[in-house]
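These are the residues of each chain, in order.
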Amino acid sequence: RYDSAAYLFDLDGTLLDSIPRIVDSTEATFRSLGIPYDHEQVMKSVGLPFAVQTRLWAGERAEEFAAKYLEIHAAKAPEPLFERTGEMLDALKARGLLLGLVTSKLRSSADEALCQAGITNHFDTIISADICTRHKPDPEPIIRALQELNLKPEDALYVGDSLYDVGCARAAGVMMVGVSWGVLNRDQLLEANVASVFDNWKDFEDWLDTTFSRVTP
């Protein structure tokens, strides 16, 4: 039954088309600080908390990097939602479903992004990096979301786009599906053994109608 399951979503690269802004801001920060830019390293770290990323990228200059990045990032236009994201969330909420957001952003950054995108009120729980002691791919973020929603792992579905999402969902015992428009492409997600991969939200909703609707408490 639809009313017995939680649908948990990653934010960056899944709901929000934020990867280009993140990558552009990161590359500009490297350039500004005179640190060699490694695109592959940056892409592999998308999905980690910002504080972890800056330590990976800049080492002892992490605080300087973070300050410059935030300055550059703030000057760029807000990220849009991926096509039909708002309509998809509206459709799930109209069915009376529980929705959760599990993101590696800080809560303040997540709230700002959700407000700008107009989807702040869609989520019954928001798990951000600053309320967790461990982060994706550790299962803690998803486990905390399930605890807040009073659900078991088998009653939930997680939707994400990165290997950190895959690891988190798997460790938490939650079924995961991938979206092909984020960090990983379709083939990479299938290689990671997610339950299914979608190229648009319409296909995701159709799959829920025929597959995940059987989940019960």
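Just above sits the structure.
Computed from a predicted structure; not experimentally measured.

Just give me the short version of the sheet that holds strand β4 (residues 156-160), but keep the residues and values in it.
Sheet strands pair via backbone hydrogen bonds, and the direction of the pair is either parallel or antiparallel. Pairing is parallel across the open sheet formed by six strands, whose spatial order is β3-β2-β1-β4-β5-β6. In this open sheet, the two strands that pair with only one neighbour each are β3 (125-127) and β6 (197-198). Bridge count between β4 and strand β5 (residues 175-179): four bridges; the pairing is parallel. Bridged to V159 within β5 is V177. Its contacts with the sheet place helix α7 (residues 140-149) against β1 (6-9), β2 (98-102), β3 and β4, and it is angled at close to 160° to β3.

Please provide a residue-by-residue account of the packing of aromatic side chains, values included.
Under the criterion given, the structure shown has twelve aromatic pairs. Their ring planes at 55° and their centres at 6.1 Å tell us that F30 and W57 sit as a pair that is tilted. Of this pair, F30 sits in helix α1 (residues 19-33) while W57 sits in helix α3 (residues 50-58), placing them 27 residues apart in sequence. This pair shows no difference in class: F30 is buried, exactly as W57 is.

Break down the environment of H73 for me, citing the residues and quoting the values.
Inspection of the secondary structure puts H73 in helix α4 (residues 62-74). Each C-alpha atom of the pair H73 and V23 lies 9.7 Å from the other, and the pair is 50 residues apart in sequence.

Give me the lowdown on unusual backbone geometry, citing residues and values where you can.
The omega torsion across K136 and P137 is 10°, close enough to zero to call that bond cis. With respect to the secondary-structure elements, P137 resides in the loop between β3 and α7. Residue N150 is not a glycine yet carries a positive backbone phi of 60°. Along the polypeptide, N150 turns up in the loop between α7 and β4. At N193, a position not held by glycine, the phi torsion is positive, near 65°. Structurally, N193 is set in the loop between α9 (186-191) and β6. Taking the relative accessible area as the measure of exposure, N193 reaches 61% and is therefore exposed.

Mind laying out the nonpolar core, listing which residues take part and the relevant values?
F9, F123, W201 and F204 are the most contacted members of the largest nonpolar core, which has 28 residues in total. Within the residue set of this core, elements represented by two or more residues are β1, α5 (85-94), β2, α6 (107-117), β4, β5 and α10 (201-210). Apart from residues lying up to four places away in sequence, F123 is in contact with F9, L15, L89, L99, G100, L101 and L114. Ranked by size, the runner-up nonpolar core spans 27 residues in total, among them V23, L151, A169 and L189.

Provide a residue-level description of the side chain of S45, including the pertinent values.
Locating S45 in the fold gives a position in helix α2 (residues 39-45). Accessibility expressed as a relative area gives 2% for S45, which makes it buried. Of the polar contacts made by the side chain of S45, one reaches the backbone oxygen of V42; its length is 2.8 Å. Once you skip the residues sitting within four places of it in the chain, S45 turns out to touch Q53, L56, W57 and Y164.

How each quantity is defined
- Residues numbered from 1 in each chain as written.
- Predicted model: local features only at pLDDT ≥ 70, side-chain atom pairs only at ≥ 80, totals over all residues.
- Heavy atoms only, no water.
- Pairing = 2+ DSSP bridges.
- Helix = DSSP H or I, 4+ residues; strand = E, 2+ residues; numbered from the N terminus.
- Contact = heavy atoms within 4.5 Å.
- Axes fitted to C-alpha atoms, helices over the stretch in contact; angles between N-to-C directions.
- Phe/Tyr/Trp six-rings, centres within 6.5 Å; stacked < 30°, edge-to-face > 60°.
- Buried < 20%, exposed > 50% of the residue type's maximum accessible area, 1.4 Å probe, protein only.
- Core = buried A, V, L, I, M, F, W, Y, C linked by side-chain atoms within 4.5 Å.
- Polar contact = N/O pair within 3.5 Å; in protein donor to acceptor, adjacent residues only side chain to side chain.

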